[in-house]
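# Coordinate analysis (summary)
The chain contents come next:
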Amino acid sequence: MEIPQLFTGAAGADGEVRYRRPQTLPEQIAEQVSYAILRGDYGPGDPVREQDLANLFQVSRGPIREALRILEKDGVVRILPNRGAKVTQLSTKEINDIFEIRAVLSRLAMRDLCQSDDDRIRQAVIDRARALGEYGDKTVTLDEYLPLSYALNYTISSSSGNSRLSEMLTSLSRQTIRYTILGLRRAERRTASARTWRKVADAVEARDAEAAGGLVEKLIIDSKNAAVAEIEASKDAGT
């Protein structure tokens, strides 16, 4: 199993990263494993073996156990006694509940971002949103769309000066990212999402917190609705 490198840098021309990174080794491993899960390297119910990860990252099993505990806290895996960790599968109700909480908190984060005196971090969000917005004018595959979408959402989640809000949003992002990607499976959804991100960039640049928050909230709810529709369609098809 190969885990792709995370797109965690939002660098400007001087190469300086514009937002916070995970600081501990277990947090970095948790981000990488979360990304592997959303890419489909692991499916719902699949085991996530400590020794495999220890070999992959060339570390002892201690940091791996801590990373898995972080993912369990975020609802990404479930650790079973004497059986190890397995990838979770959320119910439709859980998806609805978590996405709605994330949408409300993301609106708060966008308010803080628009009111922030930190021009660098605000510009990082604008740049990433505009780059994603360019996909609104052309057909793009999910593999092309995914890295920038993931990085942008991580940037927003970690950008708040409110550390508790940032921590909660990062956790909620991990819990919902698989279903966000499911909601972006169709090309028309990716196009609509990209066009909305273009509007988000304009709103953040204008420091219009109400507009930016409303647009991001809509993006999250639209992703939730699309993901639920995909899940229900799979159930109806018996897959």
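Here's a quick rundown of the structure. Remember, predicted model here, so these are calculated numbers, not experimental data.

Helix and strand content of the protein: nine helices and three strands. Taken from N to C terminus, the helices and strands of the protein fall in the order α-β-α-α-β-β-α-α-α-α-α-α. Counting only residues that meet the buried cut, the protein has 50% of its 239 residues in that class. Surface summary for the protein: the accessible area is close to 11800 Å², and the carbon and sulfur share equals 47%.

Their axes nearest at 10 Å, the elements helix H5 (residues 119-133) and helix H6 (residues 142-157) cross at an angle of 155°. By the angle class used here, H5 and H6 are roughly antiparallel. In this structure, the crossing between H5 and H6 has a hand that is left-handed. Residue-level contacts link Ala124, Val125, Arg128, Ala129, Ala131 and Leu132 of H5 to Tyr145, Leu148, Ser149, Ala151, Leu152, Thr155 and Ile156 of H6. Among the residues making up the contact of H5 with H6, the classes are represented as 10 nonpolar, two polar and one charged.

What follows concerns the environment of Leu113. As for its position among the elements, Leu113 is in helix H4 (residues 92-115). Its relative accessible area of 3% is what places Leu113 among the buried residues. Residues contacting Leu113, with those up to four places away along its chain left out, are Ile121, Arg122, Val125, Ser159 and Val204.

Within this structure, the stated rule accounts for one aromatic pair. Considering the side-chain rings of Tyr135 and Tyr145, the 5.9 Å spacing of their centres and the 45° angle between planes classify their relative orientation as tilted. You can see Tyr135 sitting in the loop between H5 and H6 and its partner Tyr145 sitting in helix H6, a full 10 residues away along the chain. Here Tyr135 and Tyr145 have matching classes, each one buried.

Rules used throughout
- The residue count restarts for each chain, going from 1 along the sequence in the order it is written.
- Per-residue local features are limited, in this predicted model, to residues with pLDDT of at least 70; the limit for side-chain atom pairs, both in listing and counting, is 80 or more; totals at the level of whole chains, interfaces and linings are taken over all residues.
- Side-chain figures throughout are based on the complete set of non-hydrogen atoms in the structure, without hydrogens or water.
- The way it works is that DSSP assigns letters per residue, a run of H or I at least four long becomes a helix, a run of E at least two long becomes a strand, and they are numbered from the N terminus.
- Think of it in three bands: with a 1.4 Å probe and only protein chains considered, a residue is buried below 20% of the maximum accessible area for its type, exposed above 50%, and partly exposed in between.
- For every accessible area listed, the method is Shrake-Rupley and the probe measures 1.4 Å; residues are considered covered only by the protein chains on display.
- Working convention: axes come from line fits to C-alpha atoms, limited for helices to the stretch in contact. Angles between N-to-C directions cover 0 to 180 degrees.
- When describing relative orientation, an angle under 35 degrees is termed roughly parallel and one over 145 degrees roughly antiparallel, while 65 to 115 degrees is termed roughly perpendicular and anything else oblique.
- Definitions for this section: a left-handed crossing has its near helix turned counterclockwise from the far helix by less than a right angle. A right-handed crossing has that turn clockwise.
- Whether two residues touch is decided by their heavy atoms; if any such pair falls within 4.5 Å, the residues are in contact.
- Just so you know the grouping, Ala, Val, Leu, Ile, Met, Phe, Trp, Tyr, Cys and Pro go in nonpolar, Asp, Glu, Lys and Arg go in charged, and all remaining residues, Gly too, go in polar.
- When two rings of Phe, Tyr or Trp (its six-membered ring) have centres within 6.5 Å they constitute a pair, described as stacked for plane angles under 30 degrees, edge-to-face for angles over 60, and tilted for the intermediate range.

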